[in-house]
Amino acid sequence: MQNKININIAVDVAKALSEKTLLNNVYMMDNSACGSKNQGTEQLCTFCIPGQTIRWIVYAIDLQTPVAIKDIAFIASDRQIKPAQMKENSDSNTVLPEDNPDLKIWTGIVPYMLLGHTYQYRLTLQMGNGFNSVMSLNGPALLYCGCATAYKKQTTTKIEQL
Amino acid sequence: MSQEITIIVLVDIQAAIETKSLKGNIYLMDNLRTDGSTGEGTGQLITAIDGSYWCDGSQCCDVVMNWLITGIGSLPITLPHNYYHTRSKHIEHEWIQSIKNAHLGKNTAKKETNFDTTIIEKIGTYSKLRTTPNKVMDIEIKSLNIFGEHFDSSQNTKSILNLLPPQISDITGSAVDNKVLFPAQYGTPVPIKDGWYWSATVDTSKTGLHNYTLHITLYDFVDEVWTPVELTYDAQIKVSNNPVRNGFTNAGLGLIPLMY
Amino acid sequence: MENRTIVIIAAVDIIGILASNTLKGNIYLFDNNKLMGSSGEGTENLKTKISFNPNENVVLVWNVMPLEPESFANISQITADDKYITIEKLKYPSSDVIYWKGTTIKPFDHLKYKLSITVGTSGTEYSCDLDIIGELAKDHAILIN
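Computed from a predicted structure; not experimentally measured.

(A) Highlighting the overall build of chain A. In terms of helices and strands, chain A carries two helices and nine strands. Overall, chain A shows an N-to-C arrangement of helices and strands of β-α-β-β-β-β-β-β-β-β-α. Out of the 162 residues belonging to chain A, those deemed buried represent 45%. Within chain A, contacts between residues separated by at least 24 positions form 70% of all contacts whose residues are at least 6 apart in sequence.

In structure tokens:
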């Protein structure tokens, strides 16, 4: 089984801060063997299965601009969520080491999931420090696809071992 | 925030050449003011390098520093890198074009007597650079003024001469000796034209305040020849190191907290 | 004292301006006349000193320098009393890069001007107020008297 999925998030920081939104300024891609949906957009739906490890990594398209993941929060499925951005105020200039987004690694193991159910999450990014620096996106999701491709590698290996 | 660090080194070239010192005539700025750097816009910049490490102690993220040097009194760095070459060629083309237009269907006999001196005045000659105390070489650009036009020393005052931008020739100091900073040069190896730019990676396990020395070459226009003036300046980095944690659990690897 | 052309550079932290929505703390101004009396180098309160020689205008040039080299910043406007100075927006030949040029019309003691900058893709203007301090050169004073 492909046991690690990387979700890469590329951000055009200057444009996102200029337009005060992450919509159309964020490009998400993953390397899931199941073939995820909406690659390259902010509505990426990553196909995964329980037991895999997923890692989210963010990159600024202009390397000299700052960006970090501040939060990834999953949204309860009975709420109607539109993929619009929500802005949070951040006017503190002193950040405790525990809260410093640069010191957080966003990796987790996929737990039990309902087959075919889309688990939407809110991705919050911080770009620089100041009133406008924190922005969120509700579009991306995880989906338990139940596809056979993820298991293919395991079966092939077993046969070779015999 | 995770980003490549840019340090802008701005030199008041004329003042530095006249006082033969960079002290008080150099200003440093980086893009990390809100991340802890102090002394922005002064000569006493201390760049804050926030490193991070995994639970096994190994360095988590790369830290890359880039230095960009320019002078007040030089054409701005927002112009394309090959601007000097482009302008040198265009100045010739503009003059050739105006000669063509002037000679179309007109009596040229009078004009030709002054031809030689006029061409040299208008097109100019290539600049000269002093490489050793006794040797001068031609470089492939013409002297420009601060408006991007040809600088003619017989007609223009020296105050509108575009001063060639300074270059960093080396980065040394205790930070390099103690293997905190690993500097290297990148760029085209042609002096003056695009110049080199210096970049360095940092070993963030070596926390604390470290000094490094910038070796800067300024160019003074003496007797129509660009003469290098070598000066040095000390700056500092402050390295800190903190452990990384999992964003979901605030500790180690765990389950992704899905909602049902 | 030879008449100088003064160059003023505004170094701007583009991301800082966009994230905090203000120029304060994110702009550093410099000129090349510190030796002749300019003060406030490296701050938002640059006071540029210029010297008026008889029958000569003083020329000032303004440029913007982004701290993030690939990001966009532009001086959108410089406003000053047009009785004392003419301000023009010009382009470096063979390029698309803008610079601003000011030519003094008559001597003054103290001129305030407003520098407006746009950054990023939004076109929002951020402004700050700056000063030019004028001084008559020795022979100029004699001429007037």
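From this point, things continue past the structure.
(B) Quick look at the pairing of strand β2 (residues 26-30) of chain A. All names here are of chain A. Burial along β2 is one-sided: V26, M28 and D30 are buried, while Y27 and M29, pointing the other way, are not. Here five bridges tie strand β1 (residues 4-11) to β2, and the two strands are oriented antiparallel to one another. Note that in β2 the partner of N8 across the bridge is M29.

(C) Structural detail: the interface of chain B and chain A. Each side of the interface is counted separately: chain B has 22 residues, and chain A has 30 residues. Of all the elements in the fold, those that place two or more residues in the side of chain B that touches chain A are β3 (46-53) and β12 (245-246) of chain B. Across the side of chain B that touches chain A, the residue classes break down as nine nonpolar, ten polar and three charged. Bridge count between strand β6 (residues 104-109) of chain A and β12(B): two bridges; the pairing is parallel. Paired with A:I105 across the strands is B:N246, a residue of β12(B).

(D) Geometry of the environment of B:G254. Of note, B:G254 is situated in the segment after β12. Ignoring sequence-local partners within four residues, the contact set of B:G254 consists of A:G108, A:I109, B:N246, B:F248 and B:T249.

(E) Representation of the sheet that holds strand β3 (residues 47-52) of chain C in the model. Residue and element names in this part refer to chain C. What the four strands build is an open sheet, ordered β3-β9-β8-β5; its pairing is mixed. The sheet is open, and its two edges are formed by β3 and β5 (73-80), each paired on a single side. Adjacent strand axes in the sheet meet at a mean angle of 30° when their direction is disregarded. With seven bridges connecting them, β5 and strand β8 (residues 110-119) associate as antiparallel partners. Within the sheet, the bridge partner assigned to T79 lies in β8 and is K114.

(F) Just the domain arrangement of chain B, in detail. Residues and elements named next belong to chain B. Assigned domains within chain B: domain 1 (5-74 + 163-220 + 227-243) and domain 2 (83-160). Taken together, the contact pairs four residues of domain 1 with six residues of domain 2. Here the residues of the side of domain 1 that touches domain 2 are counted per class, giving two nonpolar, one polar and one charged.

(G) Highlighting the confidence of the model for chain A. All names here are of chain A. Mean pLDDT for chain A: 82, with 77% of residues reaching 70 or above. A low-confidence stretch, residues 80-94 stays under pLDDT 50, and its non-local contacts, those more than four residues away or across chains, total 23 contacts. Under a pLDDT of 50 for its full length, residues 153-162 has, in the predicted model, three contacts with residues more than four places off or in other chains.

(H) Layout of the interface of chain C and chain B. Contacts between the two partners involve 31 residues from chain C and, on the opposite side, 33 residues from chain B. Sorting the residues of the side of chain C that touches chain B by element identifies β1 (6-12), α1 (14-20), β2 (27-31) and β4 (59-66) of chain C as the ones contributing at least two each. Grouping the constituent residues of the side of chain C that touches chain B by class yields 14 nonpolar, ten polar and seven charged.

(I) Representation of the sheet that holds β2(A) in the model. Taking strand neighbours across the sheet as the criterion, the five strands line up as β2(A)-β1(A)-β4(A)-β6(A)-β12(B) in an open arrangement whose pairing is mixed. The open sheet has two edge strands, β2 of chain A together with β12 of chain B, and neither has a second partner. In this structure, strand β4 (residues 53-60) of chain A lies alongside β6(A), joined through four bridges in antiparallel fashion. Bridge pairing in β6(A) links A:W56 to A:W106.

(J) Up close: the nonpolar core. Counting 132 residues, the largest nonpolar core has B:V9, B:V11, C:A10, C:A11 and C:V12 as the members making the most contacts within it. With seven residues, β1(C) is the largest single contributor of residues to this core. Residue contributions to this core reach at least three from each of two domains, namely domain 1 (5-74 + 163-220 + 227-243) and domain 2 (83-160) of chain B. When sequence neighbours within four positions are dropped, the list of residues in contact with C:A11 reads B:I8, B:L10, B:M29, C:Y28, C:M65 and C:L67.

Criteria and cut-off values
Residues numbered from 1 in each chain as written. Chains lettered and ligands numbered in written order. Predicted model: local features only at pLDDT ≥ 70, side-chain atom pairs only at ≥ 80, totals over all residues. Helix = DSSP H or I, 4+ residues; strand = E, 2+ residues; numbered from the N terminus. Buried ≥ 20, exposed ≤ 12 C-beta atoms within 10 Å, placed from the backbone. Contact = placed C-beta atoms within 7 Å. Pairing = 2+ DSSP bridges. Nonpolar A, V, L, I, M, F, W, Y, C, P; charged D, E, K, R; others polar. Axes fitted to C-alpha atoms, helices over the stretch in contact; angles between N-to-C directions. Domains from an automatic or database assignment. pLDDT = per-residue confidence, 0-100. Core = buried A, V, L, I, M, F, W, Y, C linked by C-beta atoms within 7 Å.

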